[in-house]
Amino acid sequence: YNIQKTNGFSVNAESMLMAEKKFGDWGVDGFFGGSVFYNTWGELKAGTQGDGLSSPNYYSLKAGVNGINASSNTWREQRNALFGKVGFSWRSTAFIDVTGRNDWSSTLSASERSYFYPSVAGSLVLSELLPAIDWLSFWKVRASWTQTKLPTGVYDINQAYSVTNDVWGSDKGAYYPNTIRSGNLKPETSEGIEYGTAVNLLNNRLRLDLTHFSKRYYNLQRNAGLSDASGFSDAQVNTDEEFMRRGWEITLSGDIIKTPEFAWTAMLNWSNSKYTYHKLDEIYSSKDYWVAVGNNADIQSTGDYEKHPVTGELILQGGMPVNAVQPSLYHTTPDWAWGFNNELQYRDFTLNFSFDGRTGGMMNDRIAGAMMVNGTHPDTDNQYRYDEVVNGIKNNYVAPGLKIVSGEVTYNADRSIKEDTRVYAPNDVPVSYEAYIRKTGRDHFQNSRDRTFVKLRELSIGYTLPKTLTQKAKMDNVQISLVGQNLWIWMKAFKMTDPDNADTGNLPAPSERLIGFNVKLNF
């Protein structure tokens with residue numbers, strides 16, 4: 001029996017002074033402000049130990065058989081900030097904005113508590129400088145540089161003891177932390193650069209927006225492992241390791257058909273990004289062979305089975321798969337993502353539908369693995385299972401793959417193959433189907449699948465009532481719509497899990513198909 005009480009209180013106060021002024025063709029605007037954020041929260045917990053309550057249905061801490069455990073925690077933090085912006089413009093053609101912000105965070109040490117981060121952004125409307133062109137309605141180029149900083153969490157740098165009750169009888173114990181916490185930890189920092197262009201053509205009926213972005217992450221806070229001889233498990237550090245995310249985003253939209261009675265507007269967007277190692281730390285970076293400058297930094301490694309280096313067939317020993325020395329590698333970020341939105345209107349009827357999806361990238365599929373282990377996966381309902389469970393026929397399954405006839409394989413320190421003299425033959429060793437599926441299904445927990453999918457994200461059909469009816473009810477407009485979401489999905493590799501529903505695939509909730517209606521009244 002447990003009782004828990006939590007409480008929290010926060011104050012966020014902000015003030016700004018804003019101004020703007022015109023000087024002929026020039027314009028200046030800006031603001032200066034400050035903010036104070038204070039947050040406190042806590043919890044008080046108490047619960048019975050061991051054998052629980054002494055009397056059924058009598059819920060009280062006093063009824064605990066072996067006494068109670070109690071604990072309390074309190075967290076407090078405060079961040080003060082000064083910030084400002086100044087912007088310049090010329091003839092509604094050229095623009096530049098400069099911002100700056102300085103924070104003081106209570107979660108950092110006094111020497112690192114104050115940190116500053118600026119940004120600069122500019123744009124130029126080229127169509128205002130060029131002579132009039134019939135097919136060119138608007139053309140702008142833009143660029144920006146931004147820096148952001150994040151402090152540590154509350155009490156992350158505090159080297160404080162933890163107190164535990166009843167360590168020896170009624171005596172208490174105090175434990176020094178296993179982590180060496182750094183009082184000089186700097187805030188994590190990221191720098192982003194973005195540039196792009198926007199073009200409107202054919203009297204603004206066709207619109208294109210193109211953006212390239214890159215973001216560098218550094219001063220990353222990590223718990224670096226230490227030798228057990230030090231008496232600690234790890235130490236807080238700012239590593240010299242850096243990461244980079246680069247990518248493109250394209251949006252194309254247009255009024256495909258535009259008549260007094262019928263209109264069709266569509267928008268297609270496409271984006272990609274790649275997250276890579278930009279710089280390595282000689283001490284703290286991983287020594288795995290796939291960690292190198294320029295390589296994907298979102299690579300996940302997981303156990304795999306031994307496979308033929310050429311054909312990819314499973315190598316079996318005693319009829320069962322053999323765990324591989326080399327891990328299986330995959331990256332989680334999709335190769336690219338896309339969306340396609342449409343709006344069609346005919347007189348008083350409207351039809352909206354949107355598709356989107358991801359291509360590439362991998363994700364764990366733990367649900368399929370759990371279903372295989374427990375025999376609830378549809379693929380386990382077959383003749384092998386029937387013969388073993390119903391007819392009692394054991395060792396009735398010969399798995400497809402190869403067995404080793406002679407030879408051996410040796411590996412280098414980085415787990416790459418040094419020499420391989422193995423000779424193979426088709427596997428002919430029968431095993432229990434249930435034992436085979438339980439092993440491969442259990443290992444399947446960590447296996448990854450291609451998360452490529454296409455989804456009908458939303459579909460809506462609407463009707464606007466004639467004004468002759470709505471005006472009688474003193475209303476300007478009435479629209480009734482039937483709306484559906486997640487109505488259809490196609491998946492390349494997943495069957496039991498929606499790969500759009502969770503990034504980890506760790507037993508996520510099922511995807512929901514939603515159907516409803518919308519009534520919009522304008523007075």
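The structure under discussion appears in the preceding block.
Residues numbered from 1 in each chain as written. Predicted model: local features only at pLDDT ≥ 70, side-chain atom pairs only at ≥ 80, totals over all residues. Heavy atoms only, no water.

Peer 1: Could you give me a rundown of the overall build of the protein, with the residues and numbers involved?
Peer 2: Along the protein, the regular secondary structure elements total four helices and 30 strands. Over its C-alpha trace the protein gives a radius of gyration of 31 Å, far above what one expects of a compact globule, namely 24 Å for 523 residues. Taken over the C-alpha atoms alone, the protein extends approximately 85 × 65 × 60 Å along its principal axes. Taken across its 523 residues, the protein has 32% of its residues classed as buried. Excluding contacts between residues fewer than 6 apart, the proportion of contacts in the protein whose partners are at least 24 apart in sequence is 66%. Roughly 31700 Å² of accessible area belongs to the protein as shown, and the carbon and sulfur atoms make up 54% of that amount. Within the protein, the 57 negative side-chain charges are centred at a point lying 5 Å from the centre of the 52 positive side-chain charges. (Helix = DSSP H or I, 4+ residues; strand = E, 2+ residues; numbered from the N terminus. Rg over C-alpha atoms; globule rule 2.2 N^0.38 Å. Buried < 20%, exposed > 50% of the residue type's maximum accessible area, 1.4 Å probe, protein only. Contact = heavy atoms within 4.5 Å. Areas by Shrake-Rupley, 256 points an atom, 1.4 Å probe, with all protein chains shown as cover. Lys, Arg positive; Asp, Glu negative; His and termini not counted. Charge placed at Lys NZ, Arg CZ, Asp CG, Glu CD.)

Peer 1: Describe the side chain of D356, naming the residues involved and giving the relevant values.
Peer 2: Secondary-structure assignment places D356 in strand β21 (residues 349–359). A polar atom in the side chain of D356 sits 2.6 Å from the side chain of R457. The residues touching D356, leaving out its near neighbours within four places in the chain, are W338, G339, F453, V454, K455 and R457. (Polar contact = N/O pair within 3.5 Å; in protein donor to acceptor, adjacent residues only side chain to side chain.)

Peer 1: Just give me the short version of a nonpolar patch on the surface, but keep the residues and values in it.
Peer 2: Where nonpolar side chains cluster on the molecular surface, the patch consists of L130, I133, W135, L202, L206, L208, I250, L252 and L268 and spans about 750 Å² of accessible area. Of all elements in the fold, only β11 (206–218) and β14 (242–258) reach the threshold of two or more residues within the nonpolar patch. Inspection of the secondary structure puts I250 in strand β14. The partly exposed category is assigned to I250, whose relative accessible area is 31%. (Patch = residues over 30% accessible without salt bridge, like charges linked within 9 Å, V, L, I, M, F, W, Y side chains within 5 Å. Salt bridge = Lys/Arg side-chain N within 4 Å of Asp/Glu carboxyl O.)

Peer 1: Mind laying out unusual backbone geometry, listing which residues take part and the relevant values?
Peer 2: Positive phi values are uncommon outside glycine, yet S92 reaches one of about 55 degrees. Residue placement: S92 occurs in the loop between β3 (68–90) and β4 (94–105).

Peer 1: Pulling in residues and values, what's your account of the sheet that holds strand β23 (residues 402–406)?
Peer 2: Read across the open sheet, the four strands follow the order β18-β17-β23-β26; overall the sheet is mixed. Every interior strand has two partners, whereas the edge strands, β18 (320–321) and β26 (423–426), have only one. (Pairing = 2+ DSSP bridges.)

Peer 1: Describe the nonpolar core, with residues and values.
Peer 2: Core analysis: the largest hydrophobic core is formed by nine residues, namely L316, M320, M372, Y397, A399, V431, Y433, Y436 and I437. The element contributing the most residues to this core is helix α3 (residues 433–444), with three residues. Counting residues in hydrophobic clusters, the runner-up holds seven residues, among them L220, F243, Y277 and V291. (Core = buried A, V, L, I, M, F, W, Y, C linked by side-chain atoms within 4.5 Å.)

Peer 1: Any chance you could break down the environment of K492 for me, citing the residues and the numbers?
Peer 2: Structurally, K492 is set in the loop between β29 (477–491) and β30 (514–522). Judged by relative accessible area, which is 54%, K492 ranks as exposed. Sequence-wise, K492 and L280 are 212 residues apart; in three dimensions their C-alpha atoms are separated by 35 Å. Other than its neighbours up to four places away in sequence, K492 contacts D450 and T452. Separated by 3.4 Å, the side chains of K492 and D450 make a polar contact.

Peer 1: An account of the sheet that holds strand β12 (residues 221–225) is needed here, citing residue identities and associated values.
Peer 2: Here we have three strands laid out as an open sheet, ordered β9-β13-β12, and mixed in their pairing. The open sheet has two edge strands, β9 (179–180) and β12, and neither has a second partner.

Peer 1: Could you give an account of the pairing of strand β8 (residues 171–175), with specific residues and numbers?
Peer 2: Bridge count between strand β7 (residues 162–168) and β8: four bridges; the pairing is antiparallel. If you follow T164 over to β8, its bridge partner there is G173. A loop of two residues connects β7 with β8, the two strands running antiparallel in sequence, and G169 in this loop sits at a positive phi of about 65 degrees.

Peer 1: Break down the side chain of N427 for me, citing the residues and quoting the values.
Peer 2: Checked against the element boundaries, N427 lands in the loop between β26 and α3. Its relative accessible area of 9% is what places N427 among the buried residues. The residues touching N427, leaving out its near neighbours within four places in the chain, are L316, G319, V398, A399, G401, L402 and K403.

Peer 1: Run through the packing of aromatic side chains, naming residues and quoting values.
Peer 2: What the rule picks out here adds up to 18 aromatic pairs. Ring centres of W26 and W90 lie 6.5 Å apart, and the angle between their planes is 50 degrees; this geometry places the pair in the tilted category. With W26 in strand β2 (residues 26–48) and W90 in strand β3, this pair connects stretches of sequence that are 64 residues apart. Overall, W90 belongs to the partly exposed group, its relative accessible area being 25%. Pairing Y161 with Y176 gives two aromatic rings, centres 5.2 Å apart and planes at 65 degrees, and the pair type is edge-to-face. Separated by 15 residues along the polypeptide, Y161 in the loop between β6 (136–150) and β7 and Y176 in the loop between β8 and β9 bring together distant segments of the chain. Joined through ring pairs, the aromatic side chains of Y217, F243, Y275 and Y277 make up one cluster. (Phe/Tyr/Trp six-rings, centres within 6.5 Å; stacked < 30°, edge-to-face > 60°.)

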